[in-house]
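Fold and geometry: a report
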Amino acid sequence: MAFTRPEPLLQFLGLDPALASEQAARAFRQRVPRGFAALMERGNPNDPLLRQVLPSISEAEDVPGFSVDPVGDAAARSAPGLLQKYQGRALLVTTGACAVHCRYCFRRHFPYAQDSAMPDRARSALATIAAAPDISEVILSGGDPLMLDDDFLCTLVRDIARIPHVKRIRLHTRLPVVLPARVTPALCQLLADTRLQTLVVIHANHARELGLAAAEALARLRAVQVPLLNQAVLLRGINDDVEELTALSERLFELGVISYYLHQLDRVAGAAHFEVDARRASALMAGLRARVAGYLVPRLVREVARATSKIPLA
């Protein structure tokens with residue numbers, strides 16, 4: 001169950017429905033799992049979890065430098081649903097479905113209907129990977145790959161494992177955080193029963209996202225020896241604070257998750273109000289390094305279209 005319109009979500013939280021923009025919700029549909037909404041603070045319009053998912057009138061602003069394809073996905077397409085940006089890796093856009101619609105999503109304008117490796121199109125993408133012996137890692141992304149059912153996910157992992165030069169499979173998913181029940185024992189066994197080294201990269205931006213249910217889901221993945229990493233996005237008014245970044249890194253480590261990347265906002269149209277400028281981002285990282293051990297500090301990076309890697313920021 002999910003909140004798919006702003007008014008019921010705001011009523012659930014005891015907030016004024018006028019806080020949200022129905023226009024923004026029509027342009028980019030709202031979706032918020034009820035379990036995730038339950039982690040929000042009632043009566044607080046500035047709750048950091050709520051601000052990530054609540055449609056805002058600011059999304060309609062036309063801001064120079066913000067575009068529908070900020071990271072160059074279209075230019076990186078080598079087959080339907082297959083993106084090749086970096087040496088040795090290929091990314092499968094497995095589905096357009098997500099359990100939560102984050103308002104800063106860099107793929108909020110992505111043409112999923114025409115360009116994803118859904119079941120009827122996966123064969124072409126896999127053939128392209130098989131013909132490229134330099135590809136040692138396949139990344140399953142989306143949307144969210146854990147929105148696929150176990151049968152198709154199992155078939156996809158099995159087919160990738162048949163490609164001799166592929167060594168690793170990496171899943172980028174928000175579901176262990178926003179819909180922890182999806183991480184079932186059957187799913188964990190599916191990820192364990194492959195010759196491929198399997199990694200799961202979760203996406204949490206704030207320590208309060210990682211409640212008891214998320215902790216249990218991550219423990220199930222750890223129990224089958226799946227390495228866990230986290231990618232966060234630096235977001236104005238949500239986690240652009242040394243205390244919040246410290247709490248996030250500490251909580252992740254408690255749960256067996258390594259802080260991997262902290263992304264500067266991808267400059268997607270509709271998300272300019274979330275941007276933190278580079279100077280403040282660098283100052284925040286300096287503050288974080290002064291507070292925690294080095295292994296708790298994520299790498300601050302920006303993704304740039306046509307670059308050969310993520311760009312580290314000082």
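Presented here is an overview of the structure given in this document.

Definitions and cut-offs
- Each chain carries its own residue numbering, running from 1 in the direction its sequence is written.
- Note on the predicted model: pLDDT of at least 70 is required for a residue's local features to be given, and 80 or more for side-chain atom pairs to be given and counted; whole-chain, interface and lining totals, by contrast, use all residues.
- With hydrogens and water excluded, all non-hydrogen atoms of the structure serve as input to the side-chain values.
- The secondary structure listing takes helices from DSSP runs of H or I that are at least 4 residues long and strands from runs of E that are at least 2 residues long, numbered from the N terminus.
- Here the globule rule is a power law, 2.2 Å times the number of residues to the power 0.38, and the radius of gyration is based on C-alpha atoms.
- Here a residue-residue contact requires only that any non-hydrogen atoms of the pair lie within 4.5 Å.
- Every accessible area reported is derived by Shrake-Rupley at a probe size of 1.4 Å, with residue values counting cover from the shown protein chains alone.
- Under the convention used here, Asp and Glu are negative, Lys and Arg are positive, and both His and the chain ends fall outside the count.
- Charge coordinates come from a single atom per side chain, which is NZ of Lys, CZ of Arg, CG of Asp or CD of Glu.
- Here, a strand pair is defined by DSSP locating no fewer than two bridges between the strands.
- Helix axes are fitted only over the stretch in contact, all axes being lines through C-alpha atoms; the angle between N-to-C directions runs from 0 to 180 degrees.
- Accessibility here uses a 1.4 Å probe with only protein chains present; expressed as a share of the type maximum, an area under 20% marks a residue as buried, one over 50% as exposed, and anything in between as partly exposed.
- Helices are assigned an expected span. That span is 1.5 Å times one less than the residue count.
- By definition, the arc is the one covered by directions from the helix axis to the C-beta atoms.
- In protein, a polar contact means a hydrogen-donor-capable atom and an acceptor-capable atom, both N or O and within 3.5 Å, with residues adjacent in sequence counting only if both atoms are side-chain atoms; elsewhere, any N or O pair within 3.5 Å suffices.
- Here a salt bridge means any side-chain nitrogen of Lys or Arg lying within 4 Å of a carboxyl oxygen belonging to Asp or Glu.

For the chain, the helix and strand inventory stands at 11 helices and 12 strands. Relative to a compact globule of 314 residues, whose C-alpha radius of gyration would be 20 Å, the chain shows 19 Å and is just as compact. For the chain, the spread of C-alpha atoms along the principal axes amounts to about 55 × 40 × 40 Å. Residue pairs at least 24 apart in sequence account for 80% of intrachain contacts in the chain once pairs closer than 6 positions are excluded. With an accessible surface of roughly 13,600 Å², the chain has 54% of that area assigned to carbon and sulfur atoms. For the chain, the centre of its 37 positive side-chain charges and the centre of its 32 negative side-chain charges are spaced 4 Å apart.

Attention shifts here to the sheet that holds strand β11 (residues 299-302). Strand order in the open sheet made by the 10 strands is β3-β4-β5-β6-β7-β8-β9-β10-β11-β12, with mixed pairing throughout. Single-partner strands in this sheet number two, and they are β3 (77-79) and β12 (311-312). Here strand β5 (residues 89-93) pairs with strand β6 (residues 137-141) via 5 bridges, running parallel. Note on β6: the bridge partner recorded for Arg 89 is Glu 137. Sitting on the sheet, helix α5 (residues 122-130) is in contact with β3, β4 (82-83), β5 and β6, with an inclination near 105° to β3.

Next up on the list: the environment of Leu 92. On the secondary structure map, Leu 92 appears in strand β5. The class of Leu 92 is buried, set by a relative accessible area of 1%. Through-space distance from the C-alpha of Leu 92 to that of Gln 114 is 14 Å; in sequence the pair is 22 residues apart. Those residues in contact with Leu 92, other than ones at most four positions away along the chain, are Gly 81, Leu 82, Ala 117, Ala 125, Val 138, Ile 139, Leu 140, Ser 141, Leu 156 and Ile 160.

Once that is clear, we can look at helix α11 (residues 278-291). Taking 1.5 Å of rise per residue, the 14 residues of α11 would be expected to cover 20 Å, and the 20 Å separating its terminal C-alpha atoms lies within 8% of that figure. All of the buried residues along α11 are Ala 281, Leu 284, Met 285, Gly 287 and Leu 288. Seen along its axis, α11 keeps its buried residues to an arc of 160°; they face one direction. Residues of α11 that are exposed and angled more than 90 degrees away from the buried face: Arg 279 and Ala 290. On its buried side, α11 packs onto α10 (242-254), β10 (258-263) and β11. A side-chain oxygen of the first residue of α11 lies 3.1 Å from the backbone nitrogen of Arg 279; this N-cap is Asp 277.

Below, the discussion takes up the pattern of salt bridges. A complete count under the given rule lists 19 salt bridges for this structure. The partner of Arg 103 in a salt bridge is Glu 59, and the shortest N-O contact between them spans 2.9 Å. Of the two residues, Arg 103 sits in the loop between β5 and α5 while Glu 59 sits in the loop between α4 (48-53) and β3, which places them 44 residues apart along the sequence. Across the pair Glu 254 and Arg 251 runs a salt bridge, and its minimum N-O distance is 3.1 Å. Highlighted residues: Glu 254 and Arg 251, both in helix α10, separated by 3 residues, approximately one helical turn. What makes Glu 254 exposed here is its relative accessible area of 58%. On the basis of relative accessible area, Arg 251 is assigned to the partly exposed category, the value being 22%.

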